[in-house]
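The primary structure of each chain is shown beneath.
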Amino acid sequence: MIPEIGHFLIILALWVSVAQTLICFGGAVRSSPRLIAFPRYSSYVIFLLTLAGFCCLATSFLADDFSVLNVASNSNSQLPWPYKLAASWGSHEGSLLLWVLMLSGWMSAVSLFSKQMPDEMRSLILGVMSAIAIGFYLFMLLTSNPFDRLLPPAADGRDLNPLLQDPGMVIHPPMLYMGYVGFSVVFAFAIGALISGKLDSTWARWSRPWTTAAWCFLTVGIALGSWWAYYELGWGGWWFWDPVENASFMPWLCGTALIHSLSVTEKRGSFKIWTVLLSIITFSLSLLGTFLVRSGVLTSVHAFATDPERGVFILGFLIVVIGASLLLFAWRAPKVGLGGNFNFISRESALLANNVLLVVAAASVLLGTLYPLFLDAMGLGKISVGPPYFDAIFFPLMAPAMFLMGIGPVLRWKNAKTLELATKLKWAFAISLVSAIIVPMVMGSWSVFVSIGLLLGFWIVVSGLVNLLEQIRRLRMGSERTIFQVINSLPRSYYGMLVAHVGVAVFIFGVTLVKGYEEERDVKLAVGESVDLSGYRFSLASLDDLIGPNYSGVKGTVFVHGDDGKLVSTLYPEKRFYHVQRMPMTEAAIDTGLFRDLYVSLGEALEDGSWVVRVYLKPFVDWIWGGAFLMALGGLLAISDKKYRSKRRSAPNQVAISS
Amino acid sequence: MRKYLLPLAIFVLVAIFLWRGLFLNPREVPSPLIGKSIPEFSLPKLEKENSVVTSKTFDGKVWVLNVFASWCTPCLDEHPMLMELASQNRVIVVGLNYKDGFQSAADWLGKHGNPYSAVAVDIDGLVGMDFGVYGVPETFLIDKSGVIRYKKIGPLSSIDIQDELLPLVESLQ
């Protein structure tokens, strides 16, 4: 009964969405006050209906109801219960339900936090969001119903893919989806602005926190996926430029450009048309990503089961949503107006350069991802595009952007002087350069690649520090306040920017140092043998049988001793065999350290009882994800700035302090 | 005004390709060897020491070359199909034992059954490389003049045999 109830609730949610869309657009056209109030409440209703529907699906999983096709295909009675819950979004159908749940959640949040917004504006935004929701509900109900029955019921389920039976994998999709779907808010803002013809800095002020919030989630989601790949796949890699990874990275790049361009639109009223276009593009890339992983158009280890019928539906949906919004853009963009002028050397132009570099990077990634499809569709053969292409285009584009990160916050708006700039930053540059030259020597070997990476990282941190010190100094001049009072008075969004930028620097340090100094050895080890790597000795002490809830296998015990003979850590790499899906899995054992990871994984068993064992030294690798989390933290700080909560808007141009 | 149409135009172009892409199969990698003669080789025969299997041994007949190894798990999956195919006596089935050993191959065949009229032993995999083999199992269909007509990467399914292999065998006989 429960699956049918869930199914019914989703159908209801669809109808309420239809009602909301019609009323929003009808109400906006007719300016009827009663109609305009409706969407606020219907949003909550849609969310509650969808949440209840989702709970029905989750209940079916937790109760092992194998008469539901989705449960039988993705779960198993021996599966630990947290993974049964996660399995509800582990399939194509279930993940769509998660998507609409998030969409209705964001829609309710917009409804809840938009009390100061003019009613017509809110109406338009909620109308756009419910229109998108209609598409997804229809897609789910017509082609991908998670509540389909399997009759007669299966005796037991086919189990969740062992790759997904992991805590990191459980949180990664919800975080990603919060990000993807969250960009629908700024998309709706953009469409609303185009329809009404009104776009001013207030519009930007409203849309900024929503955009930054979505961006934070997406950052965390991507970082989790990368970290998971590192510890789960067994060979220490963390980014493969896989089509599905790229599908999440492109909206992130454009989202990053968007949060910066919104800052300009808010503070200076410039970049309006560009910001609107970028809002549309970012969400379009989210939708494109949704299409790519479900349609069978590209091969990827990530892709859901492919089905051209579903692919046709999503593509149709994509064409309608993106096509209509770009058409609207072409027609109404001029109404939105151009905004203020600025000089060649100014903060605006630095942010413009930032945007251009990020968007070109996203376009390059898109080109590389779709290139195999282009060639195949034109009958020109089958190729694959991999890391050599992406690495070659990505780093040269990002390096200037990182360099600008040091300069941008220091530049004045509208018109800055080069001499003043150079004076402020010359020490920052000198310190960065010296550090970048010395550190590789300390690490053991010097290379240009490492030095450049380190230079950029140090540059961002040191110039950020210079900026902060200058702000403090300036505010203390001519005032009685203490340092602490001054620090407190700086807006949180400023600290958000600093923390996020430092996060980028930490990320750069991680990537540079790991790529420059990682070491690995693949050896055959029998019990009692050991292998040396970079001053550490890894000894295979024993191999024991392993029995888990839905797997069995082998667990190794590896002692790691340092140079001085002292025991650094004991690691337990496992090789598991999941019975239902008959799939082997490697559980690497990692000793996580602030400055290095020691990584051991079991490869294959050999005939004489020994095993192929892989040991790695990964210096600073955790800085990669630490940096990403710092970026998200910076975003969170920025959102919590009180300027987004105050009822009354103060003067828009608080020049030098603002971020 | 017209410049604002540019994003839409780019999107339409991409959408056309995506539409085409829905009806293509990205996993299908056609072999460049189809229509070409098999590479020359001369390999020791598993069943008979001091005997060889060469590229010319089966000239004038339609034959299937199946690349397999004792260490290969999917080979075990397709093995019953090969046994079935061999028992039908419509085409000669020849094995290419790839990067394996005489003893392990003989043991494996003894344990699971031997569908092959002959097994060529390619210890270092160099002949396999000439055939463009990059994974195991792979299966080739070769016509009477030694030209490759069909290549299957991965284990043979009964559908592959019924719908593709056997009709082709008929037309070549």
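Computed from a prediction, not measured in an experiment: that's the story for all the values here. (Residues numbered from 1 in each chain as written. Chains lettered and ligands numbered in written order. Predicted model: local features only at pLDDT ≥ 70, side-chain atom pairs only at ≥ 80, totals over all residues.)

1. With respect to the overall build of chain B
The helix and strand inventory of chain B stands at 5 helices and 7 strands. Against the globule reference of 16 Å for 173 residues, chain B gives a C-alpha radius of gyration of 21 Å, more extended than a compact globule. Its C-alpha atoms give chain B principal-axis dimensions of roughly 80 × 35 × 30 Å. In chain B, which comprises 173 residues, the share counted as buried stands at 35%. For chain B, restricting intrachain contacts to residue pairs at least 6 apart in sequence, the fraction spanning at least 24 positions comes to 72%. (Helix = DSSP H or I, 4+ residues; strand = E, 2+ residues; numbered from the N terminus. Rg over C-alpha atoms; globule rule 2.2 N^0.38 Å. Buried ≥ 20, exposed ≤ 12 C-beta atoms within 10 Å, placed from the backbone. Contact = placed C-beta atoms within 7 Å.)

2. Comments concerning the overall build of chain A
Tallying secondary structure elements over chain A gives 18 helices and 10 strands in all. The C-alpha atoms of chain A give a radius of gyration of 27 Å, which matches the 26 Å a tight globule of 659 residues would have. Reported as C-alpha extents along the three principal axes, the dimensions of chain A are approximately 80 × 70 × 55 Å. Within chain A, buried positions represent 52% of all 659 residues.

3. Thoughts on the domain arrangement of chain A
When the domains of chain A are assigned, the result is domain 1 (1-165), domain 2 (417-517) and domain 3 (519-620). Here the C-alpha centre of domain 3 of chain A lies 39 Å away from the C-alpha centre of domain 2 of chain A. (Domains from an automatic or database assignment.)

4. Description of the packing of helix α12 (residues 347-377) of chain A against helix α13 (residues 387-407) of chain A
Residue and element names in this part refer to chain A. Look at α12 against α13: their axes get within 10 Å of each other, and the N-to-C directions meet at 165 degrees. The angle between α12 and α13 places the two elements in the roughly antiparallel class. Here α12 and α13 pass one another in a crossing that is left-handed. Listed contacts from α13 to Ala350, Ala353, Asn354, Leu357, Leu358, Val360, Ala361, Ser364, Val365 and Gly368 of α12 are Tyr389, Phe390, Ile393, Phe394, Leu397, Met398, Pro400, Ala401, Leu404 and Ile407. A breakdown of the residues in the contact of α12 with α13 according to their chemical character gives 17 nonpolar, 3 polar and no charged. (Axes fitted to C-alpha atoms, helices over the stretch in contact; angles between N-to-C directions. Parallel < 35°, antiparallel > 145°, perpendicular 65-115°, else oblique. Left-handed = near helix turned anticlockwise from the far one by under 90°. Nonpolar A, V, L, I, M, F, W, Y, C, P; charged D, E, K, R; others polar.)

5. Observations regarding the sheet that holds strand β1 (residues 519-525) of chain A
As a general point, the strands of a sheet are linked pairwise by backbone hydrogen bonds and lie either parallel or antiparallel. Residue and element names in this part refer to chain A. Taken together, 4 strands build an open sheet; the order of strands is β1-β10-β9-β8 and the sheet is antiparallel. For this open sheet the edge positions go to β1 and β8 (589-592), each flanked by a neighbour on one side alone. If you compare each strand with its neighbour and ignore which way they point, the axes differ by 15 degrees on average. Bridge analysis of strand β9 (residues 596-605) against strand β10 (residues 611-619) gives 8 bridges, and the strand direction is antiparallel. Its bridge partner being in β10, Arg596 is matched across the sheet by Pro619. (Pairing = 2+ DSSP bridges.)

6. Topic: the packing of helix α5 (residues 92-112) of chain A against helix α6 (residues 119-143) of chain A
Each pair of packed helices gets described by two things: the angle between the helix axes and the distance between those axes. Residue and element names in this part refer to chain A. One way to put it is that α5 packs onto α6 with a least axis distance of 10 Å and a crossing angle of 165 degrees. On the basis of their axis angle, the class for α5 and α6 is roughly antiparallel. Seen from above, α5 lies across α6 with left-handed handedness. Here Leu96, Leu97, Trp99, Val100, Leu103, Ser104, Met107, Val110 and Ser111 of α5 come into contact with α6, specifically with Ile125, Leu126, Met129, Ser130, Ile132, Ala133, Phe136, Tyr137, Phe139 and Met140. When grouped by side-chain class, the residues that make up the contact of α5 with α6 number 16 nonpolar, 3 polar and no charged.

7. A short note on the pairing of strand β4 (residues 551-561) of chain A
Residues and elements named next belong to chain A. Bridge analysis of strand β3 (residues 536-547) against β4 gives 10 bridges, and the strand direction is antiparallel. Bridged to Leu546 within β4 is Gly553. In textbook terms, the turn of a hairpin is the stretch between consecutive antiparallel strands, and for β3 and β4 this stretch comprises 3 residues. Here 5 bridges tie β4 to strand β6 (residues 574-578), and the two strands are oriented antiparallel to one another. Residue pairing for β6: Lys555 is matched across the bridge by Glu574.

8. Focus: the pairing of strand β5 (residues 118-122) of chain B
All names here are of chain B. The buried fraction of β5 amounts to 5 of the 5 residues, a majority that puts the element mostly inside the structure. In the sheet, strand β4 (residues 92-98) pairs with β5 via 5 bridges, with the strands oriented parallel. Looking at β5, one finds that Val94 is bridged to Ala118. Once the chain exits β4 it traverses helix α3 (residues 102-112) before rejoining the sheet at β5, and the crossover so formed is right-handed. (Right-handed = clockwise from strand over helix to strand, strands pointing away.)

9. What about the confidence of the model for chain B?
Scored by pLDDT, chain B has a mean of 87; 96% of the residues are at 70 or more. The ipTM, which scores confidence in the relative placement of chains, is 0.82 for this predicted complex, and the corresponding pTM is 0.84. (pLDDT = per-residue confidence, 0-100.)

10. Digging into helix α9 (residues 243-268) of chain A
Residue and element names in this part refer to chain A. For α9, built from 26 residues, the straight-helix expectation of 38 Å at 1.5 Å per residue is met to within 8% by its first-to-last C-alpha distance of 37 Å. Of all 26 residues that make up α9, 25 are buried, and the element is covered over most of its length. Downstream of α9 by one or two residues, Gly269 has phi in the positive range, about 70 degrees. (Expected span 1.5 Å × (residues − 1).)

11. Quick look at the sheet that holds β5(B)
Residues and elements named next belong to chain B. Strand order in this open sheet of 5 strands is β5-β4-β3-β6-β7, and the pairing throughout is mixed. Since the sheet does not close on itself, it has two edges, and those belong to β5 and β7 (148-153), each with one partner. Taking the axes of each pair of neighbouring strands and ignoring which way they run, one obtains an average angle of 20 degrees across the sheet. When strand β6 (residues 138-142) meets β7, the two strands line up antiparallel, connected through 5 bridges. Residue pairing across strands places Ile142 opposite Ile148, the latter belonging to β7. In the packing of helix α5 (residues 158-172) onto the sheet, contacts are made with β6 and β7, and the angle to β7 comes to roughly 165 degrees.

12. Thoughts on the interface of chain A and chain B
Accessible area lost upon the coming together of the parts is a frequently used measure of interface size. Each partner contributes to the interface: chain A provides 25 residues, whereas chain B provides 18 residues. Listed by contribution, the elements that provide at least two residues to the side of chain A that touches chain B are α10 (272-295), α11 (308-336) and α12 of chain A. Ranked by the residues each element gives to the side of chain A that touches chain B, the list is headed by α11(A), at 13 residues. Grouping the constituent residues of the side of chain A that touches chain B by class yields 19 nonpolar, 4 polar and 2 charged.

13. Brief notes about the confidence of the model for chain A
Residues and elements named next belong to chain A. The share of residues in chain A with pLDDT of 70 or more is 95%, and the mean pLDDT across the chain is 88. The least confident element of chain A is helix α16 (residues 483-489), whose mean pLDDT is 83; the most confident is helix α18 (residues 622-639), at 95. Taken as a whole, residues 648-659 scores under 50 in pLDDT and shows 15 contacts with residues more than four places along the chain or in a different chain.

14. Remarks on the environment of Asn354(A)
Residues and elements named next belong to chain A. Tracing the backbone through its elements, the reader meets Asn354 in helix α12. A C-alpha to C-alpha distance of 8.6 Å links Asn354 and Pro400, two positions 46 residues apart in sequence. Leave out the neighbours within four places in its chain, and Asn354 touches Ala257, His260, Ala401, Leu404 and Gly408.

15. What to know about the nonpolar core
Among the nonpolar cores identified, the biggest contains 203 residues, and Val100(A), Leu103(A), Phe136(A), Val185(A), Cys254(A) and Val276(A) are the most heavily contacted of them. Of the residues forming this core, the biggest block, 18 residues, is contributed by helix α8 (residues 201-232) of chain A. Not counting residues within four places of it along the chain, the set of residues in contact with Cys254(A) comprises Leu278(A), Ile281(A), Thr282(A), Leu285(A), Leu358(A), Val359(A) and Ala362(A). Formed by 39 residues, the second largest nonpolar core is a distinct cluster that contains Ile38(B), Phe58(B), Ala118(B) and Val133(B). (Core = buried A, V, L, I, M, F, W, Y, C linked by C-beta atoms within 7 Å.)

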